[in-house]
Amino acid sequence: MPLRPYLRLARPVDWLKNGFVPLGLLFGEAWADIDLVGDVVLATGAFCLAASAVYAANDVADADADRLHPSKKERPVARGEIAPAGAIAFAGTLAALALAMAAAIGLTAMLIVGAYLALNAAYTLALRRIPFLDVATIAAGFMLRVLAGTTGVGIPPSQWLLATTLALALFLGFAKRRAEFANHDGQSRQSLQAYSLPLLNVLTLATAICAGGLYVGFTLDRQSVAWHAAPHLWLTAPPALAVLGRYVWLVFFCAKGENPARDLTGDPWIAGLALLWLAATVATIGGLL
């Protein structure tokens, strides 16, 4: 059995989205706890497997539509490289492994991964056809990632982290719908018929501004600064805003946004700015600045 089509079916490039899972470890300053680090690694791995299970199942459900899409027609199921039954079996195996990996952490982590799988099943079957609820479901998936790396492993999530993640996830969701609408004349999804390009422009910009504002608020909040013992926490804001601004530019002027993971990894400016943000964050909350 050729493995390459199955690897493409799993879409490992899109695992970048699971970078939301370790955020709790970073901002919870729990990186010195080896047990917690191990649990977060397991949670991240579980979400990678769960996400690939979702991609495989979606490719089966979308095979007919994908064959008419300029780029999605190259997906393994749409091309006939993998039979639908084989893709479903692959998805089921990955989902079972994801739940088993999460169960090794604890019941809460397993329930979060299970909720993610159930949410995406509902999304594929119905929710993606309902305007606004489709984007809310995408955002909920990102929130579950953060919860897996916090509540799921015993790290209390901060309100700032949850609020910023929600705004950022809504931004990514609306940016995705905007790109689909602009690039395919609003015909690629049923839910797009209820949107308009001006509306999606407003929603995309509004959620981007909200995400940036919430993050800046976190870096300036006295309680946050005191809890992290990081008087220079504000230094993490400029690179974070630069990453956000760069992605907004890509969405509005370079027709990007349909696939955030590929867009982000394919842009060297975003990659460099993200590394700068990570370095600034570790340095400030780690007491080096």
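Computed from a predicted model, the values in this text were never measured in an experiment. (Residues numbered from 1 in each chain as written. Predicted model: local features only at pLDDT ≥ 70, side-chain atom pairs only at ≥ 80, totals over all residues. Heavy atoms only, no water.)

### Focus: the packing of aromatic side chains
Pairs of aromatic rings are described using the distance from one ring centre to the other and the angle between the two planes.
At step 1: Following the criterion strictly, the structure yields 9 aromatic pairs and no others.
At step 2: On the basis of an interplanar angle of 85 degrees and a centroid distance of 5.5 Å, the ring pair of phenylalanine 27 and phenylalanine 218 is categorised as edge-to-face. Here phenylalanine 218 lies in helix 10 (residues 197–220) and phenylalanine 27 lies in helix 2 (residues 23–27), a separation of 191 residues in the sequence.
At step 3: Since its relative accessible area comes to 13%, phenylalanine 27 is described here as buried.
At step 4: Overall, phenylalanine 218 belongs to the buried group, its relative accessible area being 6%.
At step 5: Cluster of aromatic residues (ring-pair linked, three or more members): Phe27, Tyr215, Phe218 and Trp277.
At step 6: Against the face of phenylalanine 252 rests arginine 178, its NZ or CZ located 4.5 Å from the ring centre. (Phe/Tyr/Trp six-rings, centres within 6.5 Å; stacked < 30°, edge-to-face > 60°. Helix = DSSP H or I, 4+ residues; strand = E, 2+ residues; numbered from the N terminus. Buried < 20%, exposed > 50% of the residue type's maximum accessible area, 1.4 Å probe, protein only. Lys NZ or Arg CZ within 6 Å of the ring centre and 35° of its normal.)

### Digging into the layout of surface pockets
At step 1: The computed volume of the second largest pocket comes to approximately 1,200 Å³.
At step 2: Looking at the second largest pocket, it is lined by 37 residues, and the ones nearest its centre are Phe20, Leu23, Leu168, Val243 and Trp277.
At step 3: Going through the elements one at a time, helix 2, helix 9 (159–184), helix 10, helix 12 (237–253), helix 13 (260–265) and helix 14 (268–285) are the ones with two or more residues in the lining of the second largest pocket.
At step 4: With 7 residues, helix 9 is the single largest residue contributor to the lining of the second largest pocket.
At step 5: Here the lining of the second largest pocket is built from residues that sort into 30 nonpolar, 6 polar and 1 charged. (1 Å grid on protein atoms, 1.4 Å probe; cavity = no way out; pocket = protein on both sides within 12 Å on 5 of 7 lines; lining within 4 Å. Points joined across faces, edges and corners; volume = space filled by probe spheres on them. Nonpolar A, V, L, I, M, F, W, Y, C, P; charged D, E, K, R; others polar.)

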